Amino acid sequence: MPRLVNCIKNCLYLGFLAIVITAICSLFVWQAEVYQSTIDEQIRSMKLELASIKKENHLMEIKLNEQLGKHDDLKEEFRYLIKQAKWPADVSLDRLDKRKEEGEDGDVGRAPHPVEAKEEDADDRNLVNKALEDAIGNLEIGDSLDHPDIDLSKRSQILLVSETAGGRDVLGGFLDNDSSVFYLPEVSQVAKSGGDFQKLAHCTITEAVLEFYKDHPEISAQSKSLKKFCSDGSCGNMTVSDLKRECLSRYVAVLGGASEDWSLSVIDDADTDTIYVSRDPRSIVSELLQADEISEESIQGYSTQLCSRLDAFSKHESSSHHVYHVVKYESLAKSPLTSLASLYHSLLDTTDIPKLALSREFKNQLYLSISTWKTQLAQILVDAVEEECGSLVKS
């Protein structure tokens, strides 16, 4: 009997000990969870603060770029005025600056004021006065960060990307009907990096961009913002100030380009939203073949590279900061308004799309473009494309 009592006591003791140990362990676990929760909350807070700092730095960088662009713009306008006023060729800005620094008499070698340059010539005087007024107007619009149309924190920048003949021209034409959009088609030929994108998105127009659109009026004609400065198939009178002023009057900058020019790494570094238009490779090959951009002999090799890009770009995903929206050309051609509404909802958080004057003939052509390859490509060429593209094509 005493042994049984001792055994019961030992069991009770061990049970009590187990309960105490369990309670202590639970307490430690609870404290660990509280500590982990506190750490997680601190990490989330730090991430939010870091994101806020990055945004502020980004806006400061944008404003700094705008300010740095002033000097070049002012200098360009001043040189233009000197040329229009026909100042003496031997008088340069550098010489004038040097004379001022050395304290020379302002009248010695002084270049005449533009309005005094041709006192006897009323036409030249009127020309100079008009140039001065235009320059002042351009500088007031282009260089004021307080201009009502310039709210950099609310501007949207979007890359519009596809293969050549991949359909970005169609979607770009739809977007160009939006009065809030500043559209630069095919700009991938001169803008190659994230830095270039940011300059364009925030209306820093370079001479290279200007010359590209002046030299290619057929491309300028794809944008309402550009073709207004062209006439009779020529854009020779287009200026940097024209494009800058037009850009600053819009809230959305759409930069169009080819996926052959912009790799996914470049797009990821661009710090902007992206629209990618994906299209059946057989349609792309068919159009390029009709336009003599490729030959029948090169189709198989070209299809290998084409479908590798199509697959990678179509499967790319949005980042934590920016939207990557894939539009299927076939869906766009079948239902333009539905596709556009979905796009606006994804990128601009609205379904208020621009009014499109789509004629029956245009809608028919758009719909037929989905399957035109069936009548334009010989079966042997279709087989070559399908062999390289596998699951990207449908029968």
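K.L.:
Report on the environment of His325, specifying residues and quantitative values.
P.N.:
Take His325: it is sitting in strand S5 (residues 324-328). For the pair His325 and Leu347, spaced 22 residues apart in sequence, the C-alpha separation works out to 7.8 Å. Residue contacts for His325: discarding those within four places in its chain leaves Thr274, Ile275, Tyr276, Ser342, Leu343, Ser346 and Leu347. Separated by 3.1 Å, the side chains of His325 and Ser346 make a polar contact.

K.L.:
A description of helix H4 (residues 168-175) should follow, citing residues and the corresponding values.
P.N.:
Buried residues dominate H4, accounting for six of its eight residues. Within the span of H4, buried status applies to Arg168, Val170, Leu171, Gly172, Phe174 and Leu175.

K.L.:
I'd like to hear about the pattern of salt bridges, residue by residue, with values.
P.N.:
What the rule picks out here adds up to ten salt bridges. With a shortest N-O distance of 2.9 Å, Arg279 and Glu287 are connected by a salt bridge. With relative accessibility at 36%, the residue Glu287 sits in the partly exposed group. Close ionic contact of Arg282 with Asp280 constitutes a salt bridge, the shortest N to O distance being 2.8 Å.

K.L.:
Give me the lowdown on the side chain of Arg279, citing residues and values where you can.
P.N.:
Relative to the helices and strands, Arg279 resides in the loop between strand S4 (273-278) and helix H11 (281-290). A relative accessible area of 5% places Arg279 in the buried class. Within the local environment of Arg279, its side chain forms a polar contact with the backbone oxygen of Ala165, the two atoms lying 2.9 Å apart. Of note is the side chain of Arg279, whose polar atom sits 3.2 Å from the backbone oxygen of Ser369. Not counting chain neighbours up to four residues away, the residues in contact with Arg279 comprise Ala165, Gly166, Ile284, Glu287, Leu310, Tyr329, Glu330 and Ser369.

K.L.:
Residues and numbers for the packing of H4 against helix H14 (residues 336-348), please.
P.N.:
The interhelical angle for the contact between H4 and H14, taken along N-to-C directions, is 75 degrees, at an axis separation of 12 Å. With respect to H14, the element H4 is oriented roughly perpendicular. Across the interface between the two elements, Leu171, Phe174 and Leu175 from H4 touch Pro336, Leu340, Leu343 and Tyr344 from H14. A breakdown of the residues in the contact of H4 with H14 according to their chemical character gives seven nonpolar, no polar and no charged.

K.L.:
Any details on the environment of Leu171? Residues and values, ideally.
P.N.:
Of note, Leu171 is situated in helix H4. In this structure Leu171 comes out as buried when scored by relative accessible area, which is 1%. In this structure Leu171 touches Leu160, Ile275, Val277, Val327, Leu332, Leu340 and Leu343, once residues within four positions along its chain are discounted.

K.L.:
Outline the packing of aromatic side chains, supporting the account with residue identities and numerical values.
P.N.:
Any pair of aromatic rings gets described here by the distance separating the centres and the angle formed by the planes. Enumeration over the complete set of coordinates arrives at four aromatic pairs. Judged by centre distance (5.0 Å) and plane angle (70 degrees), the ring pair of Phe212 and Tyr213 falls under edge-to-face. Looking at Phe212, the relative accessible area reads 6%, which means it is buried. Classification of Tyr213 by relative accessible area gives buried; the value is 0%. Of note, Arg279 hangs over the ring of Tyr329, and the distance from its end group to the ring centre comes to 4.1 Å.

Reading guide: rules and limits
- Residues numbered from 1 in each chain as written.
- Predicted model: local features only at pLDDT ≥ 70, side-chain atom pairs only at ≥ 80, totals over all residues.
- Heavy atoms only, no water.
- Helix = DSSP H or I, 4+ residues; strand = E, 2+ residues; numbered from the N terminus.
- Contact = heavy atoms within 4.5 Å.
- Polar contact = N/O pair within 3.5 Å; in protein donor to acceptor, adjacent residues only side chain to side chain.
- Buried < 20%, exposed > 50% of the residue type's maximum accessible area, 1.4 Å probe, protein only.
- Salt bridge = Lys/Arg side-chain N within 4 Å of Asp/Glu carboxyl O.
- Axes fitted to C-alpha atoms, helices over the stretch in contact; angles between N-to-C directions.
- Parallel < 35°, antiparallel > 145°, perpendicular 65-115°, else oblique.
- Nonpolar A, V, L, I, M, F, W, Y, C, P; charged D, E, K, R; others polar.
- Phe/Tyr/Trp six-rings, centres within 6.5 Å; stacked < 30°, edge-to-face > 60°.
- Lys NZ or Arg CZ within 6 Å of the ring centre and 35° of its normal.

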